[in-house]
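The residues making up each chain are set out below.
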Amino acid sequence: QVQLVESGGGLVQPGGSLRLSCAASGFRFSVYTMRWYRQAPGKEREFVAAISNVGGTTTYADSVKGRFTITRDNAKNMVYLKMNSLEPDDTAVYYCNVRLTPLQTDYWGQGTQVTVSS
């Protein structure tokens, strides 16, 4: 079965950095675009970043562009999100996502909490 397991969240001061990891299993990882989303308290889940199957194309939300970097390691079935210059508004639960064909079914991990606070 499809599994996505996020890790790497925590408490960090404004201006700090974190690297989130997502371990994927149960599907052909190297075939699919991988995405990160986040959900802050009282808000809807929002797109953060995406990376194409071989990593040649990345896309970012305007709010994180220039601060966050998404990468992947197809040999390890891992996707990462390096977050620099963190701001309090980045506080959220961060989720790893894949959308599988043919039904375009979304799969999510359990999420990892990121808190940016002094």
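Everything quoted here is computed from the prediction, not taken from an experiment.

Here's the deal with the environment of Ala50
Note on placement: Ala50 falls in strand β5 (residues 46-51). By relative accessible area, Ala50 is classed as buried at 8%. For the pair Ala50 and Lys82, spaced 32 residues apart in the sequence, the C-alpha separation amounts to 13 Å. Setting aside anything within four residues of it in sequence, one finds Ala50 in contact with Thr33, Met34, Arg35, Thr57, Thr58, Thr59 and Ile70.

Brief notes about the sheet that holds strand β7 (residues 68-73)
Sheet architecture is open: four strands sit in the order β1-β3-β8-β7, paired in antiparallel fashion. Where the open sheet ends on each side, the last strands, each with one partner, are β1 (3-7) and β7. Neighbour-to-neighbour, the strand axes of this sheet turn through a mean angle of 15°, independent of strand direction.

Comments concerning the state of the cysteines
Under the counting rule described, the total for this entry stands at one disulfide. Covalent S-S linkage joins Cys22 and Cys96, the inter-sulfur distance amounting to 2.2 Å. Residues Cys22 and Cys96 share a disulfide whose torsion about the S-S bond is about -85°; that sign makes it left-handed. Placement of the pair is Cys22 in strand β3 (residues 18-25) and Cys96 in strand β9 (residues 92-100), with a sequence separation of 74 residues. Taking the relative accessible area as the measure of exposure, Cys22 reaches 0% and is therefore buried. For Cys96, a relative accessible area of 0% puts it in the buried group.

Here we look at the nonpolar core
Core analysis: the biggest nonpolar cluster contains 31 residues, and Phe27, Met34, Trp36, Val79, Leu81, Met83 and Tyr94 have the highest contact counts within it. For Leu81, the contacting residues outside a window of four places in its chain are Leu18, Arg19, Leu20, Trp36, Val48, Ala49, Phe68, Thr69, Ile70 and Tyr94.

Re the pattern of salt bridges
Following the criterion strictly, the structure yields six salt bridges and no others. A salt bridge links Arg38 to Asp90; the nearest nitrogen and oxygen atoms lie 2.9 Å apart. Remark: Asp90 occurs in the loop between β8 (78-83) and β9 and Arg38 occurs in strand β4 (residues 34-39); sequence separation between them is 52 residues. Judged on exposure class, the residue Arg38 and its partner Asp90 are both buried. Between Asp90 and Arg67 there is a salt bridge; the shortest N-O distance is 2.8 Å. Pair noted here: Asp90 is in the loop between β8 and β9 and Arg67 is in the loop between β6 (58-60) and β7, with a separation of 23 residues, a long-range link. Where salt bridges share partners, they join Arg38, Glu46, Arg67, Glu87 and Asp90 into one cluster.

Remarks on the layout of surface pockets
What the largest pocket holds in volume is close to 180 Å³. Considering the residues around the largest pocket, the lining is formed by Arg38, Gln39, Ala40, Lys43, Glu44, Glu46, Pro88, Asp89, Asp90, Thr91 and Ala92.

Section: the packing of aromatic side chains
Under the criterion given, the structure shown has five aromatic pairs. Between the aromatic rings of Tyr37 and Phe47, the centroid separation amounts to 5.8 Å while the plane-to-plane angle is 80°, which identifies the pairing as edge-to-face. Here Tyr37, found in strand β4, pairs with Phe47, found in strand β5; they are ten residues apart in sequence, far enough to count as distant. Of the residues examined, Phe47 reaches a relative accessible area of 27% and is grouped as partly exposed. Taken together through their ring pairs, the aromatic side chains of Tyr37, Phe47, Tyr95 and Trp108 make up a single cluster. Above the face of the Phe29 ring, Arg72 is positioned so that its terminal group lies 4.4 Å from the ring centre.

About the thresholds
- Residues numbered from 1 in each chain as written.
- Predicted model: local features only at pLDDT ≥ 70, side-chain atom pairs only at ≥ 80, totals over all residues.
- Heavy atoms only, no water.
- Helix = DSSP H or I, 4+ residues; strand = E, 2+ residues; numbered from the N terminus.
- Buried < 20%, exposed > 50% of the residue type's maximum accessible area, 1.4 Å probe, protein only.
- Contact = heavy atoms within 4.5 Å.
- Pairing = 2+ DSSP bridges.
- Axes fitted to C-alpha atoms, helices over the stretch in contact; angles between N-to-C directions.
- Disulfide = S-S within 2.5 Å.
- Core = buried A, V, L, I, M, F, W, Y, C linked by side-chain atoms within 4.5 Å.
- Salt bridge = Lys/Arg side-chain N within 4 Å of Asp/Glu carboxyl O.
- 1 Å grid on protein atoms, 1.4 Å probe; cavity = no way out; pocket = protein on both sides within 12 Å on 5 of 7 lines; lining within 4 Å.
- Points joined across faces, edges and corners; volume = space filled by probe spheres on them.
- Phe/Tyr/Trp six-rings, centres within 6.5 Å; stacked < 30°, edge-to-face > 60°.
- Lys NZ or Arg CZ within 6 Å of the ring centre and 35° of its normal.

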